[in-house]
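A closer look at the structure
Read off the chains here:
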Amino acid sequence: MSQTVLTVDDSRTMREMLRAALDTAGFRVIQAEDGVDGLDRLEEEMPDVIITDINMPRLDGFGFIESVRGDERYRGVPILVLTTESEPAKKMRARDAGATGWIVKPFDPERLVDAVRRVSAAG
Amino acid sequence: MNEANQTVTGGKELISFRIGEQEFCVDIMAVREIRGWTPATPLPQSPSYVRGIINLRGAVLPVVDLAARLGLGAADPSDRHVIIVARIGERWVGLLVDAVSDILAASEEAIQPAPDVACDTVRKFVRGVLPVEGRMISLISLDHLLPEKEAEAA
Amino acid sequence: MDPMESIKATFFLECEELLGDLEAGLMALENGEGDDETVNAIFRAVHSVKGGAGAFGLDDLVRFAHVFETALDRMRSGQIAAAGDAVKLMLRAADVLADLVQTARDGGPGVEQQRSMAIAAELEALSEGRDPAPANADGELAIDTVPDDAGIDGLDFTPQTVSLDLPADLEAAAPAPVGWRIRFRPNTDLYAKANDAAFLLRELEGLGECQVTPDLSGLPAFDDLDPEVSHLAWEIELSGECSEAAIREVFEFAEGDCELEIAQLDHHAGSAALPPGPDPAGPEISLSDANAELMAELPGPVAAPVASDKPAKPQAQPASATAPAQATIRVELDRVDRLIDLVGELVINQAMLAQRASESDLGRSNGVSMALDDLEQLTREIQDSCMAIRAQPVKSVFQRMPRLLREIAAMTGKQVRLVTEGEGTEVDKTVIERLTEPLTHMVRNAVDHGLETPGERKGAGKPEEGTVRLSAVHRSGRIVIEVADDGRGINRERVRQKAVDRGLIDASAALSDEEVDNLIFHPGFSTADQVSDISGRGVGMDVVKRSIQALGGRISISSRPGEGSVFTLSLPLTLAVLDGMVVTCAGETLVAPLTAIVETLKPRPEDLEKFGPQGRLLKVRDTYVPLIDVGVRLGWRTSGTDPAQCVVLLVETESGGRAALLVDAIQGQRQVVIKSLEANYQRVDGVAAATILGDGRVALILDIDAVISSRRAPPPTGQASLAKAS
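Residues numbered from 1 in each chain as written. Chains lettered and ligands numbered in written order. Predicted model: local features only at pLDDT ≥ 70, side-chain atom pairs only at ≥ 80, totals over all residues. Heavy atoms only, no water.

Scanning chain B from terminus to terminus reveals two helices and eleven strands. Reading the helices (α) and strands (β) of chain B from amino to carboxyl end gives β-β-β-β-β-α-β-β-β-β-α-β-β. Within chain B, buried positions represent 49% of all 154 residues. For chain B, the proportion of contacts with a sequence separation of at least 24, taken over those separated by at least 6, is 57%. Summed over all atoms, the accessible surface of chain B reaches about 7800 Å², with 50% contributed by carbon and sulfur. (Helix = DSSP H or I, 4+ residues; strand = E, 2+ residues; numbered from the N terminus. Buried < 20%, exposed > 50% of the residue type's maximum accessible area, 1.4 Å probe, protein only. Contact = heavy atoms within 4.5 Å. Areas by Shrake-Rupley, 256 points an atom, 1.4 Å probe, with all protein chains shown as cover.)

Here's what the structure looks like:
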C-alpha cells in the first residue's frame, strides 16, 4: 500500500509542486491549506509523513507541529518542515517544536522524495 | 432511396428537396435535422426571405425561405412544409422548403457546373447540377444564403 | 499540458491573488486599520511569491521579493513601524513586484531596471534603518550584495538542498574507497521528533554494505526500562565508496539529537581510527536482521498510537485571523456555461409545462398544480444557484484601483485616498470583466477632473488630501456601484458653455441642473480645458456610458458644486436572465426590460397630440413625451392603431430621455432567459436579444434605446443646433 503524505501549505503553487513530486514517486497525497486545516485533516486521515510550511495564516507551522506532537495519536508521525529560511534560528525553532527534518525551498523533487523516504517506512 | 446512385464510392451524400416544381439538394454533412414547419417570430428590418426566428431546443435559429431567396416567390408555409436545419459556417439556420424527397449519393464528377445563365440568384446559390434518373437537381451552396453580415449596420 | 507548465500557470494565478492581498493589506495599514495579522499576511504574500518564483527560477522576481520580504520581516518584528512612509514605500514596492510578476508571466520588456533597483535600495535602507543610498550616475545601486550573499537567505537562490553546517571542503571531498566506522547513539529527543534510528540505519545501507552492531550496554534492567527513553546505540561498519558528507547527510535531521562519531576505517588493519567503543554486547548481525529484531523485540521509545479523547486543540492565532478557508474546486468555464444553458432550457420547459397544464385544465387538479408550483420554485432555485457559480466578488476590479490612483496622484500632484466598500459584492464574471475599463476611466476622471489640487483644496477649507470612494451594493436584483469624490463638483457654467460651443444645446435652452450634469455623457464632451495625459481626449464619459449600457446597465451622476460628484452605475447581476414585461403587439409577443419601464398607463384620447407630419406626443401629467407605436417601429404593421385601444409603457432611456411605447396589451412580468440573436443570425436594430416563452415560441426583447433613438422626436431643446453643428 502506498504511503500517505499530508502537505500543509497556504500556497497553492507549493501544494501543487509537492503533489506533482510526491505523486510521481508513488505517494498518496492529501492537502491542507494551513495549520488549522491540517489538524482537521488529521481527524480524518492518518498520514505516514507530514510536510508543512512555516508561514501560514490561522495556525503557522510551529503551532501546527506543536499541536501534532501534543496529540498522542500523531506524535509518532514524522514531520518535515518546508523552509526558505535557512537561518538556524527558524530551523531550530521548528525542531524544538518537534519537526523531524526540513526541506529547503525551492526543492528539487528527488531531494524532496529522498527526505520523505529518509523519515518514513517507505524504503 | 435512390438506388441508381448508391454504388458510387468516394462521393458525397446529398439531401434533395422540392420547392414548387424544381428539385434542389444540399450536402448531407451540413444538415443536422429536418423538422416540421412551426411559425417563426418575424424580425424587424430583415429581408423578406428571412421568415423570422424559431426555437430549436433552446437555441434561436433564423429561418430562410429558400423559395424567396432563390427568387421563386415567397412560400406560403403550411403543416406540410419542412425546415431543414443546416450549418452555415459557425451558424445554424433553418431552410424552409416544400418537402424533402430523397437522399442521394453522388460522386464529385457527377456534379456538373451550373450552366452559365444570366440570373444572379442562380450564379450565387447554385453550385452545380446533378442529373438523376432523367431529372435535374440543383446543388445549393449555402454560403451566401444569409444576408450579408451587418451590411447596413452603423 | 506539461505538469510544470500547469503549475506555473497556477503560480501566476496565485500571484494575482497574493498581490491583491498584499495591496489590500498595505492599504489597511496606510489607513491605520491593520494589526499584527495584517502585517503577517502581507509578509506571507511576498514570501509565497518568492517561494514560487524560486521554484521556477524567476531570478529577478526572487531577488526583489527577497529584499521586500526582508523589510517586511523587520516590520513584522516591530523594528519598522507599520505606518507612514514605510508603508508608502511598500506600496510602491508592491507595484514593482506586480510588474515583475507580469514580466515573468508575459515576457516582453522588463520592468525598468532602474526603478526596481531604486525601490529595492530604499527597502534595504529601510531594513537597515538608514537613509536610502543615492543612486549613482549609472543608476547602479548597492543592492547586488543581496543575491549572492549567503548570509541571510542566500541558499534560497540555489535550487537544491544544501546541507548547512558542513565545511565546504567536506562536500567537495572525493569519495574515499575505504570504509567508515560510525558510532551512533540517539538521544530521546530524536524519537520525540518522530525520527527513527531504524530508518537512519536503512538509509546508511543505501550507501554501502553495513555491518551493524547494536550496543545494548545502556539498556537498563527490564523493570527500570522506560519506553520513552532511548537506551540503544549502534556501531556500524560501512564499506563502500561514499563520502563523509553523504553519511552526515543521512544523519542531517538527527543532528543535535544524537551522538555521532564518524571515522575512516583503516583500510589495511581493518580497524577504525576511532577509539574503541564499549564492548559490543551482541554478535554482529546484518542490518535487515537487526532491523527486524529490534523492531520486533524492543518497543521503540515512541509509544504506540494511543487513542486519545482529547485531541490537540489548535492554538489558533488571534482574532483578525482570516475566515476559515473554504474548499474550492476549479472548473472550466465551458462546463459552467453549458450547465447554465441547460438550466435555461429547464426554465423554459417548466414554463411550457405549466402553460400546457393550465390550458388543459390539469392545473385545476390540486396535486398537479401544487407539484407544478414546487417545480417552478425548484427550477428558480437551481437557476439562481447556477448563476451564483459564475458570480464573483467585485474585489478583483476594485483591487486594480489603488495602484491606478497612486499613479494618477503622482502624475497630477494631487493627494488622494481611496476608500472601498462592499468589495465582496458578487456579480457575474462577464460583468466584472467588462466593468474594469469603464470603472478605471471613472476613477481616473474622478482624480483628474473631480479633485482639486492640494493648494486649491486648502484654499477652499478642505483637507489637502482628497477622497475617492468606490462602493458596491446589491439593490433590487442589481448591483449598484458608486464612484464618489469630494472634489469641486461639476462646473455647470462651464459644462453648459462647452455644450453650447459644441452645438449640443441651444444657448437659450433652459436645462435643469441634472440635465446639465448629464451633458457630460454626450459623445465627444470633455470638460478638461487642456487635453491631459491622463484622461486624454476623445475617450469621454460617453464611451463609459456606452460600455455600461452594453452590459444592460445605467449610469447617472449627481453633483454638488464644491462638494464633489457621485457617479452611480446600476448593472444586472447576470447577463443570462432579465426581468421583463411581456406584451403583445401586432399579434406578436415582445419583452420589454423592466428596468427601463417607469410606469404603464392607458392613454386617454385627450392626452394625445399630433406633432409634425407623423409624430404624436402623449401628455403624461404635465410633460409631453414622444409616442412610438412599437408595431410600426418594428415594421409589423404600417399604420398606427387607435391608441385608446392600446397600452402605453412609459420608458426611460439610458440618457434619461423618456418616451411612450404603444403596445396592444400587457401579459405580465416574468424573468426570461436571454438568447443571443447573433449566435446564429446577426444584430437586429431595435432588438436587444430573444427569449423563449412558455409556449415554446421565440419572443424578441426590445432594445428600448434603439427603438426610441431611430425614431427620435426632437427633445425640447438642442436637436436643431446639433444638426447645425454637424
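Right, let's get into the interface of chain C and chain B. A common way to report how large an interface is uses the accessible area buried once the components associate. If you look at the interface, chain C gives 22 residues, while chain B gives 28 residues. Buried surface at the junction of chain C and chain B, summed over both partners, amounts to about 2000 Å²; 54% is from carbon and sulfur atoms. Summed over the three residues of chain C that lose the most area to chain B, namely Asn680, Tyr681 and Val698 of chain C, the buried surface amounts to 37% of that side. Connecting chain C to chain B are six residue pairs in polar contact (both at pLDDT 80 or more). Those elements that provide at least two residues to the side of chain C that touches chain B are strand S22 (687–692) and strand S23 (698–702) of chain C. Broken down by element, the residue count for the side of chain C that touches chain B peaks at three residues, all from S22 of chain C. (Buried area = accessible area lost by both parts, 1.4 Å probe. Polar contact = N/O pair within 3.5 Å; in protein donor to acceptor, adjacent residues only side chain to side chain.)

To continue, consider the side chain of Ser120 of chain A. Mapping Ser120 of chain A onto the fold places it in the segment after helix H5 (109–119). Looking at Ser120 of chain A, its side chain comes within polar contact range of the main-chain oxygen of Val116 of chain A, at 3.0 Å. For Ser120 of chain A, the residues in contact, after removing those within four places along its chain, are Gln3 and Val49 of chain A together with Phe199 and Arg202 of chain C.

Residue and element names in this part refer to chain C. As summarised here, the arrangement of the five strands in space is S21-S13-S14-S23-S22, forming an open sheet in which the pairing is mixed. Strands with a single pairing partner mark the edges of an open sheet, and in this sheet they are strand S21 (665–673) and S22. Averaged over all adjacent pairs, the angle separating strand axes in this sheet is 35°, with direction ignored. (Pairing = 2+ DSSP bridges. Axes fitted to C-alpha atoms, helices over the stretch in contact; angles between N-to-C directions.)

Okay, the packing of helix H12 (residues 333–359) of chain C against helix H13 (residues 366–390) of chain C next. Residues and elements named next belong to chain C. In contact at an axis separation of 10 Å, H12 and H13 are set at 160° when each is read in the N-to-C sense. Taken together, the axes of H12 and H13 lie roughly antiparallel to each other. The way H12 lies across H13 gives a crossing that is left-handed. Residues Leu333, Val336, Asp337, Leu339, Ile340, Val343, Leu346, Val347, Gln350, Leu353, Ala354 and Ala357 of H12 form the contact with H13, whose own contacting residues are Leu372, Leu375, Glu376, Thr379, Ile382, Gln383, Cys386, Met387, Ile389 and Arg390. (Parallel < 35°, antiparallel > 145°, perpendicular 65-115°, else oblique. Left-handed = near helix turned anticlockwise from the far one by under 90°.)

On to the pattern of salt bridges, then. Following the criterion strictly, the structure yields 57 salt bridges over all chains and no others. Residue Arg604 of chain C is joined to Glu606 of chain C by a salt bridge in which the shortest nitrogen-to-oxygen separation is 3.8 Å. (Salt bridge = Lys/Arg side-chain N within 4 Å of Asp/Glu carboxyl O.)

Turning our eyes to something else, we now look at the sheet that holds strand S6 (residues 82–88) of chain B. Residue and element names in this part refer to chain B. The strand order across the open sheet built from five strands is S3-S6-S7-S5-S4, with neighbouring strands paired in mixed fashion. The sheet is open, and its two edges are formed by strand S3 (31–36) and strand S4 (50–56), each paired on a single side. Strand after strand, the sheet turns through a mean of 30° between neighbouring axes, direction not considered. Alignment of strand S5 (residues 59–65) against strand S7 (residues 91–97), held across three bridges, turns out to be parallel. By the bridge assignment for S7, Asp65 is matched with Leu96.

Our focus in this paragraph is the confidence of the model for chain B. All names here are of chain B. When pLDDT is averaged along chain B, the result is 84; 89% of the residues meet or exceed 70. Low confidence marks residues 1–8, where pLDDT is under 50. Its contacts with residues over four positions away, or in another chain, come to 15 contacts. Counted against residues more than four places away or in other chains, residues 150–154, with its pLDDT under 50, gives two contacts. Reported for the predicted complex are a pTM of 0.49 and an ipTM of 0.86. (pLDDT = per-residue confidence, 0-100.)

With that settled, consider a nonpolar patch on the surface. On the surface, Leu346, Leu378 and Ile382 of chain C cluster together into a nonpolar patch covering about 240 Å² of accessible area. With respect to the element layout, Ile382 of chain C can be found in helix H13. (Patch = residues over 30% accessible without salt bridge, like charges linked within 9 Å, V, L, I, M, F, W, Y side chains within 5 Å.)

All names here are of chain C. The residue Lys498 is located in helix H18 (residues 492–501) in this model. By relative accessible area, Lys498 is classed as buried at 16%. Distance from Lys498 to Phe525, taken between C-alpha atoms, is 7.9 Å for residues 27 residues apart in sequence.

Right, let's talk about unusual backbone geometry for a bit. A positive phi is found at Arg58 of chain A, a non-glycine position, where the angle reads about 65°. Note on placement: Arg58 of chain A falls in the loop between strand S3 (49–52) and helix H3 (61–69). The backbone of Gln45 of chain B shows a phi angle near 50°, a positive value even though the residue is not glycine. Here Gln45 of chain B shows up in the loop between S3 and S4.

Attention now moves to the packing of helix H15 (residues 401–412) of chain C against helix H16 (residues 429–450) of chain C. All names here are of chain C. Here H15 crosses H16 at 35°, and the two axes come no closer than 10 Å. In this structure, the crossing between H15 and H16 has a hand that is right-handed. Between H15 and H16, the residues in contact are Met401, Leu404, Leu405, Ile408 and Thr412 and Thr436, Leu439, Thr440, Val443, Arg444, Val447 and Asp448, respectively. A per-class count over the contact of H15 with H16 returns seven nonpolar, three polar and two charged. (Nonpolar A, V, L, I, M, F, W, Y, C, P; charged D, E, K, R; others polar.)

Residue and element names in this part refer to chain C. The end-to-end C-alpha separation of H12 is 39 Å, in line with the 39 Å expected for 27 residues at 1.5 Å each. Looking only at H12, the buried set comprises Val336, Ile340, Val343, Gly344, Val347, Ile348, Gln350, Ala351, Met352 and Ala357. Phi turns positive one or two residues past the end of H12, at Asp361, with a value near 70°. (Expected span 1.5 Å × (residues − 1).)

Residue and element names in this part refer to chain B. Counting buried residues along S7, seven of its seven residues qualify, which places the element largely inside the surrounding structure. Along S7, one buried face is formed by Arg91, Val93, Leu95 and Val97 and the opposite face, lined by Trp92, Gly94 and Leu96, is buried too. Relative to S7, S6 runs antiparallel, the two being bridged by seven bridges. In the strand pairing of S7, Val82 is matched with Val97. Adjacent in sequence and paired antiparallel, S6 and S7 are bridged by two residues, among which Gly89 carries a positive phi angle near 60°.

Turning next to the packing of aromatic side chains. With the rule as written, the count across this model stands at seven aromatic pairs over all chains. Note on Phe17 of chain B and Phe24 of chain B: the rings are 6.2 Å apart at their centroids and 25° apart in plane angle, and the pair reads as stacked. For the pair formed by Phe17 of chain B and Phe24 of chain B, the shared burial category is buried. Centre to centre, the rings of Phe11 of chain C and Phe12 of chain C are 5.2 Å apart; their planes meet at 50°, and the pair counts as tilted. One exposure class covers both Phe11 of chain C and Phe12 of chain C, and it is buried. One aromatic cluster is present, built from ring pairs that chain together Phe11, Phe12 and Phe56 of chain C. Its guanidinium or amino end placed over the ring of Tyr49 of chain B, Arg69 of chain B lies 3.9 Å from that ring's centre, counting from NZ or CZ. Over the face of the ring belonging to Phe43 of chain C we find Arg76 of chain C, whose NZ or CZ atom lies 3.6 Å from the ring centre. (Phe/Tyr/Trp six-rings, centres within 6.5 Å; stacked < 30°, edge-to-face > 60°. Lys NZ or Arg CZ within 6 Å of the ring centre and 35° of its normal.)

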